[in-house]
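Here is how the chains run, residue by residue.
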Amino acid sequence: MQQLLRVATAGSVDDGKSTLIGRLLFDSKAVFEDQLDAVERTSRSRGADHTDLALLTDGLRAEREQGITIDVAHRYFATPRRKFVIADTPGHEQYTRNMVTGASTADVALVLVDARNGVVEQTRRHAFIASLLGIAHLVVCVNKMDLVDWSQSRFEEVVEEFRRFAMKLDVQDLSFVPVSALHGDNVAQRTVNMPWYDGSSLLGHLESVHIASDRNLVDARMPVQCVIRPQRQSDSSLHDFRGYAGTVVGGVFKPGDEVMVVPSGRTSTVRAIWGPGGAPLAEAFASSAVVVELEDQLDVGRGDLLCRPGNRPLIGREIDAMVCWLSDRRELHSGDRYVMLHGTRSTGARVGGLDYRLDVNTLHRDTTAESLELNEIGRIRVTTTDPLTFDPYRRNRGTGSFVLVDEVTGDTVAAGMITGPSLSGTPVVWHRGTAADGERPTAATIWLTGLSASGKSSVAVELERALHAKHVACHRLDGDNLRHGLTADLGFAPEDRAENVRRVGEVAIVLAEAGVVAIACLISPYQQDRERVRERHRAAGIPFVEVFVDTPLAECEARDPKGMYARARAGEITRFTGVDDPYEPPEHPELALRPSDGDPADQAAAIVGFLGL
Amino acid sequence: MSSTIHPPPAYELSHLDALEAESVHIFREVSATFERPVLLFSGGKDSVVMLHLAARAFWPAAVPFTVMHIDTGHNFDEVIDFRDRTREHLGLDLEVIRVQDDIDAGRVVEDHGPGASRNRLQTTALLRGIAEHRFDAVFGGARRDEEKARAKERIFSFRDREGRWDPRAQRPELWSLYNGRHRRGEHIRVFPLSNWTELDIWQYIDRERIDLPPLYYAHRRPVVLRDGMLLAHTRFLELAPGEEPVEASVRFRTVGDATCTGCVESTASNAAQVAVEVAASRVTERGATRADDRISEAGMEDRKREGYF
């Protein structure tokens, strides 16, 4: 069975992208004689002494005139093992949006680097965009090796330079091939010019790269596109047929499965699944276009999503997202309104705020930025008119991606990747953690911070009890207890506290990935340390709920159940938070609990209420 | 809490199933979000495959679109027969827009003599059909592998009130989120076969046992060799001095206007045999068989800018 592999190219202007693709097409016999004749004629008429293979791919008049690629072109070729779709994307910075267009559906990104110049700004920009778009496989072609005398050391320098940058990126699979696109070395065939290179040719690599496991086959998701109701007078057997048409974007559905429709929450059972044209299917998995019949007559329509009751997406109107701004006609500003296309839903969207603008070269976050211009990338908060049913983009490209459309011009102005729910001020909704066969529910971390003796542990114990009563799998991570084991080697210096918080944060993520809600209670006095944990959760797509147990110092000191304040005041222990070490209260906690909110059980109930359980 | 680890089954679609799923998804998106979609149907292999996919996308319901044929008046008889049989068979709502009507009304002027073609005149008829029926989404069977201007085309391609394509101002198109926003009078061209190649089309025709006009399979007919192309000797073809029709076993790779669509010598009598020939071919289908694409390096781009599909 031939597989389809989607490849996007990237790299700076003049690094030879079009030549490389031309070479790949030519050497894999995908260039036809009439195309080659045309290219040879044009090359000759321009006085070139060789056939310029780049002319094979530059299809627009303006592109041939300027010798640059302006818009994405799609090219096709095949080998016995695979069919390839190559999105040939522009290198010019001004056309970065077209690079994003070409890369959004790619399995593999090809990044070209000129061996003479090494890693340049556009290399970094494109590698970053590829990682932002969640392309799992990155192949760096170090091109023009003929111009550096096929030098192994130069190749290794470039590899080293790229690796250093890529460490900051989220790339699962990184490989390097030294090539000469102009002469075809290591493109379709291995070359004799670089005997020191023992890897496969670029084509060999593309034929063998393993992509089957890149798709999410765990979280069953099918956005409903339309309802199919034939109601043909001529065929009474179809009179009651009601099928939900859609493309599965995650997981597997089978007849007999219990399914839930979100956001409504109604449940039913899959009666039958039909492939195109009415082929009965035993199962439908990610990327299949199907029609699903349910046992019950439910009110389901376009914009709804089918999932499994034990594994639901997140539901909410407030999300955080990375966006790439695609418009040269207007900028993004806080407060702007757009139409959001997400899955099969179209809804109003308001930009609640710009958290930061990212410098793609240094990955520096500019939190003072107030706008995004063409080709700029940043993180925003968005509030939608209708609730979204979503997963973080890293978890699922289908349910985690969206575009923003300008209501007036109809332009597509932004590409968005959801990082997670915006928790400030809104209830977080997740499903109860009953991980059954192959299902891994999304859990959350409840992070209780506050002074010693503020009552964190008491609230945590009550919360644990309350969640258990609701059949939510949870586990309490108590800072004091952990200091006997996990963090026994740490003291109370700021760097030790940072490490303490980091470790507990990581454990919480591990628990969440197992479907268990972590209730962490740690003094965690420094804002920066907590923010780091929050950031890790955001990246992992796990809701993070920071609860500030806001008990005044005087009251904590009056309680002093372990006599710690007294010892600190007496100078017996130093670096005690609130006495001789600062406590930095959270600036924007999801929830703040004060003694006036009641006893620990009442405070725990407030958390349960906030969680929407 | 327990979790069972199953060995991963090979949840993979073959390339034809993946292409089919993508096309089906596109048909459903258009049906759900546009008011008046129309499918362009010429009786050629790409539009036949497109119609087949549309029927499969909405099974067991009927194809929910109007179908429109831009009739140059210079069609092969076999194609018109096939079109009418298909209309009967599928119960299609078929609109025929005639280039002859534009000629008669003086909206376009026809070329005469050897080499004359009505192909370019189709644009006027197409835009007239779209405007008269207020169609807001127009499915075309164009594929990106056909020609380099088409390689630049989006799946949802915005057209202004004059039907024009602006290749430098195309909307970014990400994931499978298609932006069909348009105002009254504007429309979107939709290309569900964008990612199919000529070989994919033939493999699919073979797999699905799709019926095509007999022109696509080897048959004997009188042909004229002109500019390195074999043109069918029909009543529409004006012979140049010295041209003499000869009989040959041929088939057509594309089917358009009879005056500019060439055929190739072939003995392939079914889709599987054609697929083998296509896989081995060293010439593109347009290069081999379309006189009008040889006009200039940017011939297709220029025509698309005017509103051609």
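Calculation rules
- Residues numbered from 1 in each chain as written.
- Chains lettered and ligands numbered in written order.
- Predicted model: local features only at pLDDT ≥ 70, side-chain atom pairs only at ≥ 80, totals over all residues.
- Heavy atoms only, no water.
- Helix = DSSP H or I, 4+ residues; strand = E, 2+ residues; numbered from the N terminus.
- Rg over C-alpha atoms; globule rule 2.2 N^0.38 Å.
- Buried < 20%, exposed > 50% of the residue type's maximum accessible area, 1.4 Å probe, protein only.
- Contact = heavy atoms within 4.5 Å.
- Lys, Arg positive; Asp, Glu negative; His and termini not counted.
- Charge placed at Lys NZ, Arg CZ, Asp CG, Glu CD.
- Domains from an automatic or database assignment.
- Buried area = accessible area lost by both parts, 1.4 Å probe.
- Salt bridge = Lys/Arg side-chain N within 4 Å of Asp/Glu carboxyl O.
- Polar contact = N/O pair within 3.5 Å; in protein donor to acceptor, adjacent residues only side chain to side chain.
- Nonpolar A, V, L, I, M, F, W, Y, C, P; charged D, E, K, R; others polar.
- Pairing = 2+ DSSP bridges.
- Axes fitted to C-alpha atoms, helices over the stretch in contact; angles between N-to-C directions.
- UniProt positions renumbered as here; feature names shortened; annotations may be inferred.
- 1 Å grid on protein atoms, 1.4 Å probe; cavity = no way out; pocket = protein on both sides within 12 Å on 5 of 7 lines; lining within 4 Å.
- Points joined across faces, edges and corners; volume = space filled by probe spheres on them.
- Expected span 1.5 Å × (residues − 1).

With reference to specific residues and values, describe the overall build of chain B.
Assigned secondary structure in chain B consists of nine helices and 10 strands. In terms of overall dimensions, chain B is globule-like: its C-alpha atoms have a radius of gyration of 20 Å, near the 19 Å expected for 309 residues. Counting the 309 residues in chain B, one finds 62% classified as buried. Within chain B, contacts between residues separated by at least 24 positions form 72% of all contacts whose residues are at least 6 apart in sequence. In chain B, 43 side chains carry a positive charge and 51 a negative one; their mean positions are 4 Å apart.

Kindly report on the domain arrangement of chain B, identifying the contributing residues and their values.
Residues and elements named next belong to chain B. Assigned domains within chain B: domain 1 (15–199 + 298–306) and domain 2 (212–293). The distance between the C-alpha centroids of domain 1 and domain 2 comes to 23 Å. Contacts between domain 1 and domain 2 engage 28 residues on the former and 32 residues on the latter. Taking both partners together, domain 1 and domain 2 bury about 2,400 Å²; carbon and sulfur atoms supply 55% of that area. Taken together, the links from domain 1 to domain 2 amount to three salt bridges. At the junction of domain 1 with domain 2, the criterion picks out five residue pairs in polar contact (both at pLDDT 80 or more). Counting only elements with at least two residues in the side of domain 1 that touches domain 2, the list comes to helix 2 (45–57), helix 3 (77–90), helix 6 (198–208) and helix 9 (299–306). Taken together, the residues that form the side of domain 1 that touches domain 2 break down as eight nonpolar, 10 polar and 10 charged.

Requested: an account of the environment of A:Val351, with residues and values cited.
Residues and elements named next belong to chain A. Tracing the chain through its elements places Val-351 in strand 19 (residues 345–358). Val-351 sits in the buried class, given a relative accessible area of 1%. When the C-alpha atoms of Val-351 and His-333 are compared, they prove to be 7.3 Å apart, with 18 residues separating the residues in sequence. With near-sequence residues (within four places) excluded, Val-351 lies in contact with Leu-332, His-333, Ser-334, Gly-335, Asp-336, Tyr-338, Ile-380 and Arg-381.

Give a detailed account of helix 6 of chain B, specifying residues and quantitative values.
Along helix 6 of chain B, eight of the 11 residues are buried, which leaves the element largely enclosed by surrounding structure. Among the residues of helix 6 of chain B, those classed as buried are B:Glu198, B:Leu199, B:Asp200, B:Ile201, B:Trp202, B:Tyr204, B:Ile205 and B:Glu208.

A description of the sheet that holds strand 6 (residues 173–178) of chain A should follow, citing residues and the corresponding values.
Residues and elements named next belong to chain A. Within the open sheet, the six strands sit side by side as 2-3-1-4-5-6. Their pairing is mixed. Of all strands in the sheet, those with a lone pairing partner are strand 2 (73–78) and strand 6, marking the two edges. Neighbouring strand axes in the sheet, compared pairwise and without regard to direction, differ in orientation by 25° on average. Alignment of strand 5 (residues 137–143) against strand 6, held across six bridges, turns out to be parallel.

Outline the UniProt feature "binding site: ATP" (unreviewed entry) in chain A, supporting the account with residue identities and numerical values.
Residues and elements named next belong to chain A. As annotated by UniProt and renumbered to match this structure, "binding site: ATP" (unreviewed entry) occupies Gly-450, Leu-451, Ser-452, Ala-453, Ser-454, Gly-455, Lys-456 and Ser-457. Its place among the elements puts Gly-450 in the loop between strand 25 (445–449) and helix 9 (456–469). For Gly-450, a relative accessible area of 0% translates into the label buried. With residues up to four places along the chain from it excluded, the contact list for Gly-450 reads Lys-456, Leu-522, Ile-523, Phe-548, Val-549 and Tyr-583. Topologically, Lys-456 is positioned in helix 9. From its side chain, Lys-456 meets the backbone oxygen of Gly-450 in a polar contact 3.1 Å long.

Please provide a residue-by-residue account of empty space enclosed by the protein, values included.
All names here are of chain A. Applying the stated rule across the entire model yields three cavities of 30 Å³ or more. Roughly 70 Å³ of volume is contained in the second largest cavity. Taken together, Pro-223, Gly-303, Leu-305, His-342, Gly-343, Thr-344, Arg-345, Thr-389, Gly-398 and Thr-399 make up the lining of the second largest cavity. For the lining of the second largest cavity, a count of residues per class yields two nonpolar, seven polar and one charged.

Would you mind going over helix 11 (residues 494–513) of chain A in detail, with residue names and values included?
All names here are of chain A. In this model helix 11 runs 29 Å from its N-terminal to its C-terminal C-alpha over 20 residues, within 8% of the 28 Å that 1.5 Å per residue would give. Along helix 11, the residues that are buried comprise Arg-497, Ala-498, Asn-500, Val-501, Arg-503, Val-504, Gly-505, Ala-508, Ile-509, Leu-511 and Ala-512. Each element contacted by the buried residues of helix 11 is listed here: strand 25, strand 26 (474–478), helix 10 (479–482), strand 27 (517–521) and helix 12 (527–540). Where helix 11 ends, the next residue or the one after it, Gly-515, has phi of about 90°, a positive value.

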